[in-house]
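# Descriptive analysis of the structure
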Amino acid sequence: MFKSVFSRMLVTYLLIIAFILMLESIVLAQLYRNDYYNLHRQEIVKKAEDVSEMYTYMLEKNQYVSGIMGILQTNYFYDILEIMEGSESLVWIVGRYGDYEVVVENGIIRRTLTEEEQDKYLKQVLDGGILADENIFQSKFSNPILTVGVPIYGFRVLDDGSREIIGAVFLHTRLNFIQTATYRLYRQMGISIIIAVSIGIMLVILTSSRISAPLKEMSKLTRAIAKGNFDKRVDVDSNDELGALGEDFNHMADELMRQEQLRSGFVANVSHELRSPLTSIHGFAQGILDGTIKPEDKDKYLQIIVDETGRLSKLIRELLDLSQYESGKFPLNIKSFDINELCRRVLIRYIDMIEEKGINLEVQFKQEFSYVLADADRIEQVLINLLDNAIKFTPSEGTIKLWTHNAKGNVIVGITDTGCGIPAEDLDYIFERFYKVDKSHTDKMGTGLGLSIVKMILDQHGENITVNSSVGKGTSFTFTLRSDGKKNDKS
């Protein structure tokens, strides 16, 4: 039941809603009960005080009457009973009759108080206090009762200036009025909870469906992509986190499709690059063996075989290097060396090719020495790959410029050519594996691995490389290397 996101969210939200509403209802009901109880208790206390004041008044007006018990024998007592009409309270008048405390209940002598009740409750009132408590005098009542007791003052003033207390008034009220009031409140709250939970269920279902539907769609599309169907995309119709997730999913699908296209293109290119030289090698070797090639032409075709073998070796070497860089099994041998001297050595290797093609070469080193901290062999491979590309795509009478200069703890190295340039839409992808800008190439011998290797080497060094290019005007590659400041300062 709880295996889906939708069901878990639905149950979780409903439990939260129910818990909050129940907790709120309990708290509000308790507050309401307390407030209602306190208000009712104040009303009962006020009525008890009114009865007490009425007794005091009658004693002052009828001084010939002997105390409380005397009042009870007159018609004045019925005036007291009128005060209590509609209060649903039982009235006790407690006073002395001879040597005993007696209880007069609504004008009739009912019972006396026990010694424990006199000590616990009556004494508190006769000492001038006000009693208001639940479920006292339990021996007299079987139902829950709220009891209020106030003193009755006589008209005589004592030596200490206080008035004489001659008795007590107790009013007893059943607590079922609170139960009735809270029952109405609970019923209203119950109806409110049912309405709120019903609305909450509808809102939760809508919200959960809105959240789970895109996730289900992504799950379905993920299985389709896993089977090689890269054309499916998620419909994004919101600007929230789910919308962002959908856009990221579509971007991932785009990248996977592009990588698949690159992989297919790479396989095709590598197959072609392997097949072409192998076909040439096999054909020319077979021609030499069976005598089809004349003896005087044998050296020329043997040279072709050697060149084609070199092409195969280069391709295999690049593939192995790429694999090692990606696996992280190519540790760097960081040391200090002069990048200017390394650039000169690389140029010497390509000087014949540059002159043969008729390309102009410019070298500009702003400092005589530029020492860097890097792996010299790997940086040499970076220079070779960049310079090889520059020569490949620069036409006769074009210009290649190699330059370095120191700046803010780094040495900046740049190779610029005036070749055919790279289209703007391809600039973001030229460092990716297997990518090949076919429409710009004049030489179909490349496999699109050279710049990928360059980027991986510099990434492994923690350095940056940037490219600027305009179609028909040329391309400029610039990368940084960490400067060996101590040696450069000495230089």
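The following refers to the structure shown. (Residues numbered from 1 in each chain as written. Predicted model: local features only at pLDDT ≥ 70, side-chain atom pairs only at ≥ 80, totals over all residues. Heavy atoms only, no water.)

## With respect to the pattern of salt bridges
If charged atoms from side chains of opposite charge come close, those side chains can pair. For the structure on display, the rule yields eight salt bridges. With a shortest N-O distance of 2.9 Å, Lys46 and Asp50 are connected by a salt bridge. Here Lys46 and its partner Asp50 are both found in helix 1 (residues 5–61), four residues apart, which amounts to about one turn of the helix. Given the relative accessible area of 23%, Asp50 is considered partly exposed. (Salt bridge = Lys/Arg side-chain N within 4 Å of Asp/Glu carboxyl O. Helix = DSSP H or I, 4+ residues; strand = E, 2+ residues; numbered from the N terminus. Buried < 20%, exposed > 50% of the residue type's maximum accessible area, 1.4 Å probe, protein only.)

## Points about the sheet that holds strand 8 (residues 360–365)
Adjacent strands of a sheet pair through backbone hydrogen bonds, lying either parallel or antiparallel. The five strands lie next to each other as 8-10-11-13-12, forming an open sheet whose pairing is mixed. Looking at strand neighbours, the two that pair on one side only are strand 8 and strand 12 (465–470), the edges of this open sheet. Looking at each pair of strands side by side, their axes are set apart by 10° on average, direction ignored. Against the sheet, helix 9 (residues 376–393) engages strand 10 (399–407), strand 11 (410–417), strand 12 and strand 13 (474–482), with an angle of about 20° to strand 11. (Pairing = 2+ DSSP bridges. Axes fitted to C-alpha atoms, helices over the stretch in contact; angles between N-to-C directions. Contact = heavy atoms within 4.5 Å.)

## Some points on a negative patch on the surface
Taken together, the side chains of Asp235, Asp237, Asp240 and Glu241 define an acidic patch exposed on the protein surface. Checked against the element boundaries, Asp237 lands in the loop between helix 5 (176–226) and helix 6 (241–290). Residue classification places Asp237 among the exposed residues on the basis of a relative accessible area of 65%. (Patch = residues over 30% accessible without salt bridge, like charges linked within 9 Å, V, L, I, M, F, W, Y side chains within 5 Å. Areas by Shrake-Rupley, 256 points an atom, 1.4 Å probe, with all protein chains shown as cover. Lys, Arg positive; Asp, Glu negative; His and termini not counted. Charge placed at Lys NZ, Arg CZ, Asp CG, Glu CD.)

## Quick word on the nonpolar core
The biggest cluster of nonpolar side chains holds 39 residues, and the ones touching the most others in it are Ile339, Leu383, Leu386, Phe479 and Leu481. Only helix 8 (339–357), strand 9 (371–375), helix 9, strand 10, strand 11, helix 10 (450–461), strand 12 and strand 13 provide two or more residues apiece to this core. Looking at this core, the element that brings in the most residues is helix 9, giving nine residues. Not counting the four nearest positions on each side in its chain, Leu386 is found in contact with Ile415, Leu451, Val454, Ile465, Phe477 and Phe479. (Core = buried A, V, L, I, M, F, W, Y, C linked by side-chain atoms within 4.5 Å.)

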